[in-house]
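# Commentary on secondary and tertiary structure
Take a look at the letters that make up each chain.
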Amino acid sequence: MYTRAAASDYDDWETVYGNRGWSSADLLPLLRKCETYQIKPHQPTHGYSGPLKVSYGGCFTEMGQEFLQVAAQYDQSRGHTDDPNGLFECNKYGRWQKWIDAKTGTRSDVPHHYIFNQSLGNLDILTGYDVRNVIFEGNKATGVQYMANPRFHPDAKLEVLTVTARRLVILSAGAFGSPAILERSGIGSKDVLSRAGVEQIVNLPGVGENYQDHQVVFAPYHVAENAHTLDGIATDNQEEIAKWTKQWKADGSGLLAHNGLDAGIKLRPFKEDLDVIGEAFRKRWLEYYAPAPDKPVLWMGTVSLFLGDRAKVSIDRSFSVGWYIQHPVSLGYVHIKSKDDTQAPLDFHAGYLDAPEDMALHKWGYKRTREFARRLPSYRGEVVASHPAFAPTSQAAVGRRSGPVSVTAPNIEYTAEDEEILEKHIREAVTTSWHSLGTCAMKKREDGGVVDSRLNVYGVEALKIIDLSICPGNVAANTYSTAVVVGEKGAMIIAEELGIPLEAQASVPPVKARL
């Protein structure tokens, strides 16, 4: 799923958190650099010579087409866009892009297009090993100690291995791994380290704090027989796999060149929507979103696939309509509980729904997506086990249906009892979108920061972090593109400091924000 942040998300990194060089104007050239945009030429915020290909994938599913058709009739106030990921605007419905090569129908990812396709004589990749801690001489990082993970190397000796670095150590273990390595190395909060039995060498209370994710819920629906879905592929139906494999091998098209997600919107509420969302969200809207018109509050879209626990629901085919909160108020944390056991469970609190603002948005997300779902021509009712257990007499009651309601049908009205049932369901259904970030935040040290704007860990030398744990604030997007741009920016910083020449950047015209 190709999704890029709002420009103001990156601008906040510079203006709110004090990180010079991390604004959208600074990062846009790197976003262009990483991609080859195959959908439409001459788009000013997109690149056309990068390693990662961007297209619509190998087909346009019925669910995606129907979603956009219904949007054009049911919600005419928001309109349509040819590019929902142009960086500077939102609140328009559009066909969704994908990290898929239009010519080959293969996923375009970092390993295959940055590493495996090159001859890198100076790179050794060890898989199935866990870094235990960073080695210091004085306050300078000089290497790491690591161990074989017994899951991947069951016959390996249980010994601590060492690799040394002459100039720089870089951690890139993600929002869970990087803070854990720092804490096992003695960098973190005194209380956390004391409980784990680790001697503190640098007091950085922000390590492992500020955990953020995009809280997501997918609501599944029964689907018409003639609608294509990925359920057969997902459930290892050999007949389905053979059919789509044949088409994919022939011309790189079909459902094997697809992710099931064809349409969506980065959604902002209007006044009447704010009244539905309620007072719990009003202050957050006025202080955070109203001044930044490019910031959406939710992502919402269709997926041609049942997304849920198939062990609990017997279903062959389905489509889902999902939503996630773009900038949750709720924050969590992740900390170590063992000083040297890399396999020990972490002390992890996701923070989901800790803030009432987030629950208010989730309830709106359910109501909004359901109104779309029940208007789609291929809709055949709700998958009961994966929806709130509304009373049979309620307007919101769920179940099988013979077809959709009219686009002009009135919206469902929810009673106070319905609201309680909906809230209970959301608490049970909300889950991770695998967009974890923020636990080694790039902020001022006195504000709970862990790294500075050059990605240096505070209080030590020759140690940097380059991964999504450094993000000081969340981004209104799936995090793949942000991870790539953090990597590109980190590579620039390292090259500058080590005197390594970078290949010349293509000249690109400046882009002004259209806010």
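Small disclaimer: the values here were computed from a predicted structure and weren't measured.

Strand order in the open sheet formed by 6 strands is β3-β11-β12-β13-β10-β16, with antiparallel pairing between adjacent strands. Looking at strand neighbours, the two that pair on one side only are β3 (93-95) and β16 (379-382), the edges of this open sheet. Adjacent strand axes in the sheet meet at a mean angle of 25°, parallel and antiparallel pairs treated alike. Where strand β10 (residues 216-223) lies against strand β13 (residues 319-325), 6 bridges are found, and the strand directions are antiparallel. Across the sheet, residue P220 finds its bridge partner in β13, namely S320.

The subject of this paragraph is helix α13 (residues 480-498). With 19 residues, α13 should cover 27 Å at 1.5 Å per step; its first-to-last C-alpha distance of 27 Å lies within 8% of that length. Every buried residue belonging to α13 is among S481, T482, V484, V485, V486, E488, K489, G490, I493, I494 and A495, and all of these are buried. Buried residues along α13 sit in contact with α1 (7-15), α2 (24-33), β2 (52-54), α4 (110-115), β7 (169-171) and β17 (463-465).

So, about the packing of aromatic side chains. The description of an aromatic ring pair uses the distance of the two centres, along with the angle that the planes make with each other. Evaluation of the coordinates by the stated rule reveals 24 aromatic pairs. Seen in terms of ring centroids, F67 and Y93 are 5.9 Å apart; in terms of plane orientation they differ by 65°. Their pairing is edge-to-face. One end of the pair, F67, is in helix α3 (residues 62-74); the other, Y93, is in strand β3, with 26 residues separating them in the sequence. By the burial criterion, F67 is buried, and Y93 matches it.

Turning our eyes to something else, we now look at the nonpolar core. Grouped together as the largest cluster of nonpolar side chains are 47 residues, with contacts concentrated most on F281 and F319. Per-element tally for this core: the top contributor is helix α11 (residues 356-373), with 7 residues. Counting residues in each nonpolar core, the second largest holds 45 residues, with L31, L171, I466 and V485 among its members.

Next up on the list: a nonpolar patch on the surface. A cluster of nonpolar side chains, contributed by F116, L120, L123 and I125, occupies part of the molecular surface with about 370 Å² of accessible area. Structurally, the position occupied by I125 is in the loop between α4 and β4 (129-137).

What follows is about the sheet that holds strand β5 (residues 140-148). Strands belonging to one sheet form pairs held by backbone hydrogen bonds; the direction of such a pair is parallel or antiparallel. Read from one edge to the other, the open sheet built from 3 strands follows the order β4-β5-β6, with strand pairing classed as antiparallel. Two strands lie at the open edges of the sheet, namely β4 and β6 (161-164), each paired on one side alone. Neighbour to neighbour, the strand axes of the sheet diverge by 30° on average, direction disregarded. The pairing of β5 with β6 spans 4 bridges and is antiparallel.

What follows concerns the pairing of β13. Counting buried residues in β13 gives 7 out of 7 residues, a clear majority hidden from the surface. Across the two faces of β13 the burial is the same, with F319, V321, W323 and I325 and S320, G322 and Y324 all buried. One ladder, built from 6 bridges, connects strand β12 (residues 298-303) with β13; its direction is antiparallel. By the bridge assignment for β13, M300 is matched with W323.

As a further point, take the packing of α3 against α11. Running from amino to carboxyl end, α3 crosses α11 at an angle of 105°, the nearest separation of the two axes being 10 Å. With respect to α11, the element α3 is oriented roughly perpendicular. Here F67, V70, A71 and Y74 of α3 come into contact with α11, specifically with R368, E371 and F372. Residue classes in the contact of α3 with α11 are distributed as 5 nonpolar, no polar and 2 charged.

Turning our attention to the side chain of S481. Inspection of the secondary structure puts S481 in helix α13. You can call S481 buried: its relative accessible area is 2%. Within the structure, the side chain of S481 is placed 2.8 Å from the backbone oxygen of T3, a separation counted as a polar contact. Beyond its immediate sequence surroundings of up to four residues, S481 is in contact with T3, R4, L31 and W99.

Evaluated as defined, the whole model comprises 26 salt bridges. Two residues, R310 and D231, come together in a salt bridge whose shortest N-O distance is 2.5 Å. Of this pair, R310 sits in the loop between β12 and β13 while D231 is found in helix α7 (residues 231-234), placing the two residues 79 residues apart along the sequence. Take R310: its relative accessible area is 26%, and that puts it in the partly exposed class. Residue classification places D231 among the buried positions, given a relative accessible area of 0%. A salt bridge links E497 to R454; the shortest N-O distance between them is 3.4 Å. Pair noted here: E497 is in helix α13 and R454 is in the loop between α12 (416-429) and β17, with a separation of 43 residues, a long-range link. Accessibility expressed as a relative area gives 30% for R454, which makes it partly exposed. The network of salt bridges with shared partners includes K363, K367, E419, E423 and R427.

Turning our attention to the pairing of β4. Relative to β5, β4 is paired through 8 bridges, and the arrangement is antiparallel. Bridge pairing in β5 links E137 to K140. The turn linking β4 back onto β5 is made up of 2 residues, and G138 within it adopts a positive phi angle of 70°.

This brings us to the environment of R368. With respect to the helices, strands and loops of the structure, R368 is situated in helix α11. Other than its neighbours up to four places away in sequence, R368 contacts Y74, D75, R78, Y93, L267, D273 and M300.

The subject of this paragraph is unusual backbone geometry. Here N91, not a glycine, exhibits a phi torsion of approximately 70°, which is positive. With respect to the secondary-structure elements, N91 resides in the loop between α3 and β3. Assessed through its relative accessible area of 10%, N91 is described here as buried. Phi angles above zero are rare outside glycine, and D236 is one such case at about 65°. When you line up the elements, D236 lands in the loop between α7 and α8 (238-251).

Calculation rules
- Residues numbered from 1 in each chain as written.
- Predicted model: local features only at pLDDT ≥ 70, side-chain atom pairs only at ≥ 80, totals over all residues.
- Heavy atoms only, no water.
- Pairing = 2+ DSSP bridges.
- Helix = DSSP H or I, 4+ residues; strand = E, 2+ residues; numbered from the N terminus.
- Axes fitted to C-alpha atoms, helices over the stretch in contact; angles between N-to-C directions.
- Expected span 1.5 Å × (residues − 1).
- Buried < 20%, exposed > 50% of the residue type's maximum accessible area, 1.4 Å probe, protein only.
- Contact = heavy atoms within 4.5 Å.
- Phe/Tyr/Trp six-rings, centres within 6.5 Å; stacked < 30°, edge-to-face > 60°.
- Core = buried A, V, L, I, M, F, W, Y, C linked by side-chain atoms within 4.5 Å.
- Patch = residues over 30% accessible without salt bridge, like charges linked within 9 Å, V, L, I, M, F, W, Y side chains within 5 Å.
- Areas by Shrake-Rupley, 256 points an atom, 1.4 Å probe, with all protein chains shown as cover.
- Salt bridge = Lys/Arg side-chain N within 4 Å of Asp/Glu carboxyl O.
- Parallel < 35°, antiparallel > 145°, perpendicular 65-115°, else oblique.
- Nonpolar A, V, L, I, M, F, W, Y, C, P; charged D, E, K, R; others polar.
- Polar contact = N/O pair within 3.5 Å; in protein donor to acceptor, adjacent residues only side chain to side chain.

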